[in-house]
Amino acid sequence: MQPLSLLLLCLLGGRPLAGEPGQGAGTWARFARLPFPEDELFLHDTFPDGFLWGAGSAAYQAEGGWRQGGKGPSVWDTFAQGAAGGGGDVASDSYNNLFRDAEGLRRLGVSHYRFSLSWARLLPNGTAPSSPAGLAHYGRLLARLRRLGVEPVVTLYHWDLPQRLQDAYGGWASPRLAPLFRDYAELCFRHFGGQVRYWLTMDNPYVVAWHGYATGSLPPGVRGGPRLGYRAAHNLLQAHAKVWHLYNDHFRPVQGGQVSIALSSHWIKPQAMTEQDIQECQKSLDFVLGWFAKPIFIDGDYPQSMKSNLSSLLPEFSDAEKKYIKGTADFFALSFGATLSFQLLDSQMKFHQLESLSLRQLLYWINQEYNKPKIFIVENGWFVSGSTKRDDAKYIYYLKKFIMETLKAIRYDEVDVFGYTVWSLMDGFEWHRGYSIRRGLFYVDFQSHDKKFVPKFSALFYQKLIERNGFPLLPENQPIDGKFPCSFAWGIVDNYIQVDTTPSQFLDSNVYLWDVHHTKKLFKVDGVVTPKRKRHCIDFAAIRLQISLLQEMHVTHFHFSLKWSSILPLGNLSQINHTFLHYYQCFVSELLRVNITPVVALWQPMAENQGLPVLLAKHGAWENPETVKAFVEYAKLCFTNLGHHVKFWITMNEPYVRNLTYSAGHNLLKAHAKAWHLYDKEFRRSQKGKISIALQADWVEPACPFSKNDQEVADRVLEFDIGWLAEPIFGNGDYPHVMREWLHQRNSIDLYNFHLPYFSEEEKKLIQGSFDFFALSHYTTTLADWVKEDALKYDHYLQVQMIKDITWLNSPSRTAVVPWGLRKMLKWVKSKYGDVPIYIIANGIDDDQSMVQDKLRVYYLRNYLNEALKAYILDNVNLQGYFVYSLNDRTTPKYGLYRYIANQYEPKTSMKHYREIIDNNGFPSSEIPDSLCPEELILCPECNLFQTRKSLLAFISFIFFAFIITVFFIIYYSKRVERRYK
């Protein structure tokens, strides 16, 4: 700090301030208006140069050694007596493992270490005399930090009040504690101040005052009610101010350090964006953070909302006290995370609003409310289960979220955050939670004699983050320029087309007369009929409308599924619905007429009867081998009636394996293979089409990138989700080895009875190779964690917990948007099954229907397609087509590129965006000249004659029209001439 600034601080008695409280109330409205999804995307950027990265701990949580070196008892020693694990008597045993802890700091590469001094270790009775052993211990720690180049951030008081002060004076309920705290601080400044630049007087006074003296749920356990809680807070604020002035008057000129107080807060969001609810949110923050922050950072007095609501319960400051407290912080030290959020926050202080974990919004609120202070995050993190050892994926993603939000606050919101502290360095005694949770970057084996100390995967994550100073943009995160091959299939999906047989023309054979003079109605003429004409495909208005939408989109392919139950209501050929069959014939022929290739699935699972005819569903569905025979019959009917127009067949579209039994899957595979061979032997030569199966293939990523266990469990999930049906067809003709091995292990150890059937050699030959391409649908990515963190979400069958990276963008249905997962999926298919032609048969996301601009879907399509392009260009994946899911909101609400309103289809922004990508055939570079693709041959033989003679037909039409007009004028003028002569 500059000498002039030091002089001003000394003369003014505090930091000069000019703002007014309450400016933070605009935070909620501001964040509600930020552009979506841009503001929620992951920010690839780095922190400012010189940003402070650190880790922290607290004396009672980590030190142990409660009877060593003459240490006196604290209120926590008394409160936790008899607690499971012995409370903090030993804890992480940092008192006896100073060099171990320092080595952990060195491995992380941190710039600072926040720790607290034990008041009862330095002053066993709370007052003089001091303990030489205690002074020596902290002297050794500071010396070691100095040798490592790690900046100490020292907390004078972190909840562990000497028990004697509680017994003698009533603790913080007494104003006599403030001068005693000043004396203790003076001892610390004199002995350690030359080595410390950042001091924190106390940690989280809200918890000390409210839960120590009002509710009594934490030490010293005094249930004095709100009045005593507010009195304790009053004394804590005055004690803090005394210490700040002590340092400012006597130590700052020589030591040049800074002093603040660590204030903890939650974040709250309104139930609804109304002025009333926003005011309640503001009040909630006033009652927790503002309780201490406003007196220090604004005007020396409590928030007006507290004064208005609490009347005589809240003590008053004199004008002199206000002046003394105001400005007694050199920076804003913030604690945010598991200590307070969702745990120690009194429910009454939420004021019926919703608690949230938005660190970014809290930082912005502090910035607006307290005159844009310099902010030092001195505690932040989350927790994992007490049984978790090294694989702490959940902790990693919370850490990633909080650090990302800090970066956005700096870069987007211009909040001056200059340091960040992970809580905590090591596992320890977690206050009211004891040893049931862990919060450390380093695992501590509390059962081992030497308190084994091992870096968790979160430590590796944090170390790499510090090394990079944030999240720099890496090559794999950047989009590429390039085009797909000219033969690339650009498609759209509609699971089931709307079969509407209503004719578009008046085809009634009766003759009618119109009574134009009286009733204005039509009367049928009895006994008179006109000859019936044959129906034509063009008579179906619904077909024309659907095809017009596809033409507007410029797609080359259209994928839909037939309804087996509609074509064969009884499941066999005894009753064929020729109306439906004719409609499908018309639809595919009309698609070809406009040069759009139909991609037709024979069966797709549905909620109703699994998409099967009722009788088949009632008699075991796919569990029954008879369904296999019925499917082959049905397939033959479809090939015979539709095959001349259909060149892409899907036997089964997205069979959902999570709801499939092993015997059902076994029969489903045989049905697919028999249908494939039927087509191959009887129809392929004449119809020249392709046929395969379409599998849902969402990517599964190891939750911990450093964990072999997570990699193993991710591989297992992929084999069970995709390999189960893919390996027999595209691989060796049998189920994946991983499946058989895992089920054998589970059956033998856990006495399960999961029987995976065996194929005969003949069946293996039948199934293996029954494909012409690999069709996959892909929507999202999930993370596989082998650690059981949440019993309700844990899959005991596969021994996996599926989680999400909480920094990922999500759709309204909470589907994660993870574009790079598609590229990884495509590479996995290639690595498993070779250079097979691949079609992404469905890829899409839901979006908020109330949004006029479906920006999330625009982002989704562009980025997923770019990852597909990377797979094609950079990874040499044989990718031949991409289909968006789906066409319209009428058949698949929230997923369509067209919205359906008042019987009208309206194109969304995403449709126009997709059309642009199709027209460009990808993402061409502006620097490279565009190369045009040659026009493809028309697939419709009937249309070819029309196309080649289009000009001739147009000319003949023109001559015929001119002839009619000429005849009309000849007759017209002839009659006029006759009348004139008459």
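For the structure, check the block above.
I will try to describe carefully the structure that is included in this document. (Residues numbered from 1 in each chain as written. Predicted model: local features only at pLDDT ≥ 70, side-chain atom pairs only at ≥ 80, totals over all residues. Heavy atoms only, no water.)

### Some points on the overall build of the protein
- Across its full length, the protein carries 32 helices and 36 strands.
- In terms of principal-axis extent, the alpha carbons of the protein reach across some 130 × 90 × 55 Å.
- Looking at the protein as a whole, 57% of its 982 residues qualify as buried.
- Sequence-distant contacts, at least 24 apart, represent 77% of the contacts inside the protein between residues at least 6 apart.
- With an accessible surface of roughly 42,500 Å², the protein has 54% of that area assigned to carbon and sulfur atoms.
- Between the centroid of the 105 positive side chains of the protein and the centroid of its 98 negative side chains there is a distance of 3 Å. (Helix = DSSP H or I, 4+ residues; strand = E, 2+ residues; numbered from the N terminus. Buried < 20%, exposed > 50% of the residue type's maximum accessible area, 1.4 Å probe, protein only. Contact = heavy atoms within 4.5 Å. Areas by Shrake-Rupley, 256 points an atom, 1.4 Å probe, with all protein chains shown as cover. Lys, Arg positive; Asp, Glu negative; His and termini not counted. Charge placed at Lys NZ, Arg CZ, Asp CG, Glu CD.)

### Looking at the nonpolar core
- Counting 295 residues, the largest nonpolar core has L117, W172, W199, Y462, L562, W649 and Y914 as the members making the most contacts within it.
- In this structure, Y914 is in contact with W490, G491, M553, V555, L861, L865, Y882, V884 and L897, ignoring residues within four places of it in sequence.
- L52, Y198, F376 and F418 belong to the second largest nonpolar core, which has 10 residues in total. (Core = buried A, V, L, I, M, F, W, Y, C linked by side-chain atoms within 4.5 Å.)

### Comments concerning the sheet that holds strand β32 (residues 838-843)
- The parallel closed barrel is built from 8 strands, whose spatial order is β18-β21-β22-β23-β24-β26-β32-β33. This sheet shows a mean twist of 25 degrees between the axes of neighbouring strands, independent of strand direction.
- Relative to strand β33 (residues 879-885), β32 is paired through 4 bridges, and the arrangement is parallel. Within β33, the residue paired with I840 across the bridge is Y882.
- Where helix α30 (residues 909-920) meets the sheet, its contacts fall on β18 (489-494) and β33, and the angle it forms with β18 comes to roughly 155 degrees. (Pairing = 2+ DSSP bridges. Axes fitted to C-alpha atoms, helices over the stretch in contact; angles between N-to-C directions.)

### Focus on the pattern of salt bridges
- According to the stated counting rule, one finds 45 salt bridges in the structure shown.
- K636 is paired through a salt bridge with E682; the nearest N and O atoms lie 3.7 Å apart. In this pair, K636 sits in helix α22 (residues 625-642) while E682 sits in helix α23 (residues 662-682), placing the two residues 46 residues apart along the sequence.
- Accessibility expressed as a relative area gives 46% for E682, which makes it partly exposed.
- Within the structure, one salt-bridge network assembled from shared partners comprises R30, D39, R360 and D413. (Salt bridge = Lys/Arg side-chain N within 4 Å of Asp/Glu carboxyl O.)

### Things to note about the environment of I396
- Take I396: it is sitting in helix α16 (residues 393-411).
- We classify I396 as buried; its relative accessible area is 3%.
- C-alpha separation for the pair I396 and N577, spaced 181 residues apart in sequence, amounts to 57 Å.
- Excluding its chain neighbours within four sequence positions, the residues that come into contact with I396 are F457, S458, F461 and C704.

### Let's talk about the sheet that holds strand β28 (residues 794-795)
- Read across the sheet, 4 strands follow the order β25-β27-β29-β28 without closing on themselves; strand pairing throughout is mixed. Edge positions in the open sheet fall to β25 (699-702) and β28, since each of these has one partner strand only.
- Sheet topology note: the β25/strand β27 (residues 781-785) ladder contains 4 bridges and is parallel. Residue V700 lies in a different strand from β27, and its bridge partner there is T782.
- Its contacts with the sheet put helix α25 (residues 708-730) on β25, β27 and β29 (800-803), and the angle it makes with β25 is roughly 165 degrees.

### Section: the packing of aromatic side chains
- In this structure the tally under the stated criterion is 93 aromatic pairs.
- With centroids separated by 5.6 Å and ring planes inclined at 85 degrees, the aromatic side chains of Y60 and F429 adopt a geometry described as edge-to-face. Within this pair, whereas Y60 is found in helix α3 (residues 59-62), its partner F429 is found in the loop between β12 (417-423) and β13 (437-438), the two being separated by 369 residues in sequence.
- Note on Y60: relative accessible area 5%, which makes it buried.
- You can call F429 buried: its relative accessible area is 3%.
- For the ring pair F297 and Y370, a centre distance of 6.1 Å and an interplane angle of 40 degrees mean the geometry is tilted. Of the two residues, F297 is situated in helix α12 (residues 275-299) and Y370 in the loop between α15 (359-369) and β10 (375-381); the sequence distance between them amounts to 73 residues. The two residues F297 and Y370 agree in class, both being buried.
- It is R30 that lies over the ring of F31; its NZ or CZ is 5.0 Å from the centre.
- Its guanidinium or amino end placed over the ring of F457, R390 lies 4.8 Å from that ring's centre, counting from NZ or CZ. (Phe/Tyr/Trp six-rings, centres within 6.5 Å; stacked < 30°, edge-to-face > 60°. Lys NZ or Arg CZ within 6 Å of the ring centre and 35° of its normal.)

### Considerations on the packing of α25 against helix α28 (residues 820-833)
- Viewed as axis vectors pointing N to C, α25 and α28 meet at an angle of 40 degrees, and their least axial separation amounts to 12 Å. If you check the angle between α25 and α28, you find them oblique. Here the hand of the crossing between α25 and α28 comes out right-handed. In contact with L718, E719, I722, G723, A726, E727 and F730 of α25, α28 contributes M825, W828, K832 and Y833.
- For the contact of α25 with α28, the class distribution of residues is 7 nonpolar, 1 polar and 3 charged. (Parallel < 35°, antiparallel > 145°, perpendicular 65-115°, else oblique. Left-handed = near helix turned anticlockwise from the far one by under 90°. Nonpolar A, V, L, I, M, F, W, Y, C, P; charged D, E, K, R; others polar.)

### Examining the environment of D805
- Counting through the fold element by element, D805 comes out in the loop between β29 and β30 (809-810).
- When its relative accessible area of 3% is taken as the criterion, D805 is described as buried.
- For D805, the contacting residues outside a window of four places in its chain are Y397, K400 and L783.
- A polar atom in the side chain of D805 sits 2.6 Å from the side chain of K400. (Polar contact = N/O pair within 3.5 Å; in protein donor to acceptor, adjacent residues only side chain to side chain.)

### Overview of unusual backbone geometry
- Note the cis peptide between A128 and P129, where omega equals 10 degrees.
- Within the secondary structure, P129 is located in the loop between α6 (119-122) and α7 (132-148).
- With a phi close to 55 degrees, D93 is a non-glycine residue in the positive phi region.
- Its location among the elements puts D93 in the loop between α4 (75-79) and α5 (98-108).
- Although it is not a glycine, W159 sits at a positive phi angle of roughly 80 degrees.
- Note on placement: W159 falls in the loop between β4 (151-157) and α8 (163-169).

### Concerning the pairing of strand β26 (residues 774-777)
- Neither face of β26 is exposed, since F774 and L776 on one face and A775 and S777 on the opposite face are all buried.
- Looking at chain direction, β26 and β32 are connected through 4 bridges and run parallel. Bridging across to β32, S777 finds its partner in A842.

### Some words on the state of the cysteines
- Scanning the model with the defined rule gives 0 disulfides in all.
- With no disulfide of its own, C638 has C586 as its nearest cysteine by sulfur position, at a separation of 15 Å.
- You can call C638 buried: its relative accessible area is 0%. (Disulfide = S-S within 2.5 Å.)

### Observations concerning the packing of α22 against α23
- The interhelical angle for the contact between α22 and α23, taken along N-to-C directions, is 30 degrees, at an axis separation of 9 Å. By the angle between their directions, the pair α22 and α23 is classed as roughly parallel. Note on packing geometry: the crossing formed by α22 with α23 is right-handed. On the side of α22, the interface is formed by P625, V628, F631, V632, A635, K636 and F639, while α23 contributes N667, K670, A671, K674, A675, L678, Y679 and E682.

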